[in-house]
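Fold and contact review
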Amino acid sequence: MREIPATAPLRHAEVFVFRAPIDAPVRTSFGVMHDRPAVLLRVEDEDGLCGWGEAWCNFPSCGAEHRGRLLAETVLPSALGASWREPGGLVREVARKLRILRLQADEPGPMDQALACLDIALWDLAARRAGVPLHALLGDAAMTAMPAYASGINHPGVAETVARTRQEGYRAFKVKIGFGREQDEANIRAALGSLLPGERLAADANQAWTLEQALEALPRLRRYPLLWVEEPLACDRPAAEWAALAAAGRFTLAAGENIRSEVAFDAAIAAASVRVVQPDVCKWGGLTGCLRVARAALAAGLHYCPHYLGGGIGLLASAHLLAAVGGDGLLEVDCNPNPLRELLAAPFPRLRDGRFLLSDAPGLGVAPDMEAVEKLLTFHARCR
């Protein structure tokens, strides 16, 4: 990691909430998205330099506007005007000031998402000040072409979605399961039957099963060549259940998008039941926390594959973190239609032969096309 250049206090910030209509709902085993939301933060320091961040906000359906107000009315007042030397330090100080309010409100998830958004924006600003791509400030792996996979593939039309995303440049894919035995296996068979030599497939159950259900399901899935099975259990299940599943399933297990503390990640990495570790930079920890988790996972001989489902700023933050730490991880890119993915990250990186290509522009290397998304704005706040 390079030394972070001298910083200046934040003097101004803006919060934007967008909602993009979609023709077909996005379905998971636990819920449905009827539109595509995004919460963005723009911070500006006293020297006029800016940075962009994004908060996770997909569920519940009212969540985006709530995260936007939480940022504007609760988090940012403690950050503006404060001196800081590195992003994680300022975010920790803001979190310290809000500790009792966090307990009183009993909203650890939304608060973590708002703080993660601030952390990403500060890292983008710091890298722009340094004049280097964000991955160069975060680490020295210098991997600017990350292998990516198309995620969120679901019925109906599994085979058609695989074919479409292959045309877009993907060579790895992830199919949704957790809808019942017949539908799950139909989804997997349709996806596998569409693969070309050298292409790969993973499956995501989205916390759908109890231990007993997972112990019944995974042996049936052994005959399918899957990269991993993601979140077969709920994230709050005890470590003993994950260990039992890892021992009995003979599958590579993946999880991490719903783990929300350093202690919990350390325990999961030490147990090694989960071999593919998937923190989400917009959901917990921002780049500061997820950088630590990614390095710990790789040091333990595990795989780091960032989870992501949202707009373009968060996707680019995930890509830069993967580029910074290296390893053999895959970048998750949601294959479902979402105008906020490309319009909030312009110029959007190209995908070539299964690899997501980062530019050498400073910071995240992208910025929202605000004119193009103006009609999708549902909340806007200026903070000074």
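Residues numbered from 1 in each chain as written. Predicted model: local features only at pLDDT ≥ 70, side-chain atom pairs only at ≥ 80, totals over all residues. Heavy atoms only, no water.

**As for the overall build of the chain**
Put simply, the test is: Helix and strand assignments follow DSSP, with helices taken as H or I runs no shorter than four residues and strands as E runs no shorter than two, numbered in order from the N terminus. With C-alpha atoms as the basis for the radius of gyration, the globule rule is written as 2.2 Å multiplied by the number of residues raised to the power 0.38. The accessible surface values rely on the Shrake-Rupley method and a 1.4 Å probe; as for residues, cover is taken only from the protein chains in view. As used throughout, the charge tally considers Lys and Arg to be positive and Asp and Glu to be negative, leaving His and the chain termini uncounted. Charge positions come from single atoms, namely NZ of Lys, CZ of Arg, CG of Asp or CD of Glu.
On a plain count of helices and strands, the chain comes out with 14 helices and 14 strands. Taking 21 Å as the expected radius of gyration for a compact globule of 384 residues, we find that the chain reaches 20 Å, a close match to that expectation. The C-alpha extent of the chain, read off along each of the three principal axes, is 60 × 40 × 40 Å. With an accessible surface of roughly 15,300 Å², the chain has 51% of that area assigned to carbon and sulfur atoms. Here the chain holds 41 positive side-chain charges and 45 negative ones, and the gap between their average locations is 2 Å.

**Here we look at the sheet that holds strand β2 (residues 32-45)**
How we decide: Note on pairing: two strands pair once DSSP finds at least 2 bridges between them. For helices, the fitted line uses only the C-alpha atoms of the stretch in contact; every axis is such a line through C-alpha atoms, and the angle between N-to-C directions lies from 0 to 180 degrees. Two residues qualify as a contact provided that any one of their heavy atoms is within 4.5 Å of a heavy atom in the partner residue.
Strands sit in the order β3-β2-β1-β14 across an open sheet of four strands; the sheet is antiparallel. Since the sheet does not close on itself, it has two edges, and those belong to β3 (50-55) and β14 (377-383), each with one partner. Strand-to-strand twist of the sheet, defined as the mean angle between neighbouring strand axes without regard to direction, takes the value 20°. Contacts from helix α1 (residues 63-79) reach β1 (10-27), β2 and β14 within the one sheet, and its direction differs from that of β1 by about 165°. Strands in contact with helix α4 (residues 108-130) are β1, β2 and β3; relative to β3, the strand with the most contacts, it is inclined by about 155°.

**Concerning empty space enclosed by the protein**
Here is the rule we go by: Here a cavity denotes grid points, spaced 1 Å and computed from the protein atoms alone, that fit a 1.4 Å probe unable to get out, and a pocket denotes an open set having protein on both sides within 12 Å along at least 5 of 7 lines; residues with an atom within 4 Å of a point are the lining. Grid points are joined across faces, edges and corners, and a volume is the space filled by probe spheres set on the points. Charged residues are taken to be Asp, Glu, Lys and Arg, nonpolar residues to be Ala, Val, Leu, Ile, Met, Phe, Trp, Tyr, Cys and Pro, and polar residues to be all remaining types, Gly included.
Taken as a whole and judged by the stated rule, the model has four cavities of 30 Å³ or more. There is about 50 Å³ of room inside the largest cavity. For the largest cavity, the full set of lining residues is Ala255, Ile259, Phe265, Ala268, Ile269, Val274, Val277 and Leu302. It is helix α10 (residues 262-271) that provides the largest number of residues to the lining of the largest cavity, a total of three residues. For the lining of the largest cavity, a count of residues per class yields eight nonpolar, no polar and no charged. As a volume, the second largest cavity reaches approximately 40 Å³. In terms of lining residues, the second largest cavity is bounded by Pro37, Ala38, Glu54, Ala55, Trp56, Cys57, Asn58, Cys282, Tyr308, Leu309 and Gly310.

**Here we look at the layout of surface pockets**
Estimated volume of the largest pocket: approximately 480 Å³. Together, 22 residues line the largest pocket, and Val91, Arg92, Ala95, Trp284 and Gly285 are the ones closest to its centre. Of all elements in the fold, only α2 (87-97), α3 (99-105), α4, α10 and α11 (286-299) reach the threshold of two or more residues within the lining of the largest pocket. Counted by class, the lining of the largest pocket contains eight nonpolar, five polar and nine charged residues.

**Some words on the UniProt feature "domain: Mandelate racemase/muconate lactonizing enzyme C-terminal" (unreviewed entry) in the chain**
Rules: UniProt positions are given in the numbering used here, feature names are shortened, and annotations may be inferred rather than shown by experiment.
Using the residue numbers shown here, the UniProt feature "domain: Mandelate racemase/muconate lactonizing enzyme C-terminal" (unreviewed entry) corresponds to residues 156-252. Counted over residues 156-252, helix gives 46% and strand 12%. Its end C-alpha atoms are 26 Å apart.

**Section: α1**
Selection criterion: Expected helix span is computed as 1.5 Å times (number of residues minus one). With a 1.4 Å probe rolled over the protein chains alone, any residue whose accessible area is under 20% of its type maximum counts as buried; one over 50% counts as exposed, and the rest are partly exposed.
For α1, spanning 17 residues, the distance from its first C-alpha to its last is 22 Å, which sits close to the expected 24 Å at 1.5 Å a residue. In terms of residue burial, α1 counts as a mostly covered element, since 12 of its 17 residues are buried. Of all the positions in α1, only Gly63, Ala64, Arg67, Gly68, Leu70, Leu71, Ala72, Thr74, Val75, Leu76, Ser78 and Ala79 are classed as buried. For α1, the elements touching its buried residues are β1, β2, α2, α3, α4 and β14. Gly81 occupies a position one or two residues after α1 and carries a positive phi of about 85°.

**Describing the packing of aromatic side chains**
In plain terms, the rule: The criterion for an aromatic pair is that two Phe, Tyr or Trp rings (for Trp, the six-membered ring) have centres within 6.5 Å, with stacked assigned to planes under 30 degrees apart, edge-to-face to planes over 60 apart and tilted to the rest. Remark: a charge is flagged as sitting over a ring if the NZ atom of Lys or the CZ atom of Arg is within 6 Å of the ring centre and within 35 degrees of the ring normal.
Considering all chains together, one arrives at six aromatic pairs under this definition. A ring pair is formed by Phe16 and Phe18, whose centres lie 6.2 Å apart and whose planes are at 10°; its orientation type is stacked. For Phe16, a relative accessible area of 7% gives the class buried. Residue Phe18 is classed as buried on the basis of its relative accessible area, which comes to 1%. Ring geometry for Tyr149 against Trp228: centres 5.6 Å apart, planes inclined by 85°, an arrangement best described as edge-to-face. Here the residue Tyr149 occupies a position in strand β4 (residues 145-153), and Trp228 occupies one in the loop between α8 (211-221) and β7 (229-230), the gap between them amounting to 79 residues. Neither residue differs from the other here; Tyr149 and Trp228 are each classed as buried. Clustering of aromatic rings is evident, with ring pairs tying together Phe16, Phe18 and Trp52. Here the guanidinium or amino end of Lys283 rests over the ring plane of Trp56, the centre of that ring lying 4.0 Å away.

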